[in-house]
Amino acid sequence: MLLTLTLPRINGLMISAVVETIHAAVGSELAPGAKVMDLTVDLSAVAAQDCPPISLYRIVFRDRAWLRRVAVARGEDAAVGALLAQFSTDPDEPLDGEPTRAVRIMIAGILAQAERWSEDPR
């Protein structure tokens, strides 16, 4: 069975996201809970803010399938709905057929780590 991952609309105002990290390797079998990729969503062009409205998100797998093709590169700006990756339930299944459905994923917000506070409480 062929499965696809397209960029979901994480925020109602987002139009795209930048691919920050691709965690999964082509040809690997992914289990539920596997990290797929991290994305940055920048809303500064659509919403005026006092601080930069930039958020980092992680796509986490909820299916069991083989990653067959990554359609984006690190640093690429992908539009909502753009194909990010293709998967199959069989590691050797041809990719030229029609996808059966979208993969099941979770989206987790990631808080950027600022400089650590001093261990000295003074």
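Remember, predicted model here, so these are calculated numbers, not experimental data. (Residues numbered from 1 in each chain as written. Predicted model: local features only at pLDDT ≥ 70, side-chain atom pairs only at ≥ 80, totals over all residues. Heavy atoms only, no water.)

## Quick look at the sheet that holds strand β9 (residues 101-102)
As a reminder of what qualifies: The pairing criterion is simple: DSSP has to find at least two bridges between the two strands. Under the DSSP-based scheme used, a helix requires at least four consecutive residues in state H or I and a strand at least two consecutive residues in state E, with every element numbered from the N terminus.
Strand order in this open sheet of five strands is β3-β6-β8-β1-β9, and the pairing throughout is mixed. Every other strand in the sheet has two partners, leaving β3 (29-30) and β9 as the edge strands with one partner each. Direction of pairing for strand β1 (residues 2-6) relative to β9: parallel, over a ladder of two bridges. Counted as the bridge partner of T4 is A102 from β9.

## Considering the side chain of R68
Convention followed: With a 1.4 Å probe rolled over the protein chains alone, any residue whose accessible area is under 20% of its type maximum counts as buried; one over 50% counts as exposed, and the rest are partly exposed. Think of it this way: Lys and Arg go in the positive column, Asp and Glu in the negative one, and His and the chain ends go nowhere. We count a salt bridge whenever a side-chain nitrogen from Lys or Arg sits within 4 Å of a carboxyl oxygen from Asp or Glu. Any pair of nitrogen or oxygen atoms within 3.5 Å is treated as a polar contact; in protein, a donor-acceptor pairing is required on top of that, and neighbouring residues in sequence qualify only through side-chain atoms on both sides. Residues are treated as being in contact if the distance between any of their heavy atoms lies within 4.5 Å.
With respect to the element layout, R68 can be found in strand β6 (residues 65-70). Buried charge without a partner: R68 forms no salt bridge, and the closest opposite charge is E93, 5.9 Å away. Within the structure, the side chain of R68 is placed 3.0 Å from the side chain of S88, a separation counted as a polar contact. Polar contacts involving the side chain of R68 include one to the main-chain carbonyl oxygen of P91, which spans 3.4 Å. Leave out the neighbours within four places in its chain, and R68 touches V26, Q86, F87, S88, D90, P91, D92, E93 and L95.

## Concerning the pairing of strand β5 (residues 54-61)
Note: strand β4 (residues 35-42) against β5, seven bridges, orientation antiparallel. Its bridge partner being in β5, L39 is matched across the sheet by Y57. As paired elements, β5 and strand β10 (residues 105-110) share six bridges and run antiparallel to each other. Note on β10: the bridge partner recorded for Y57 is G109.

## Regarding the pattern of salt bridges
Proximity of charged atoms lets side chains of opposite charge pair with each other. All told, the structure shown has three salt bridges when counted by the stated rule. Close ionic contact of D38 with R58 constitutes a salt bridge, the shortest N to O distance being 2.7 Å. Placement of D38 in strand β4 and of R58 in strand β5 is noted, with a sequence separation of 20 residues between them. Looking at R58, the relative accessible area reads 23%, which means it is partly exposed. One salt bridge in this structure joins R104 and D63, with 3.0 Å as the shortest N-O distance. Of this pair, R104 sits in the loop between β9 and β10 while D63 sits in the loop between β5 and β6, and the two are 41 residues apart along the sequence. Residue classification places D63 among the buried residues on the basis of a relative accessible area of 8%. In this structure, a network of salt bridges that share partners links the residues D63, R101 and R104.

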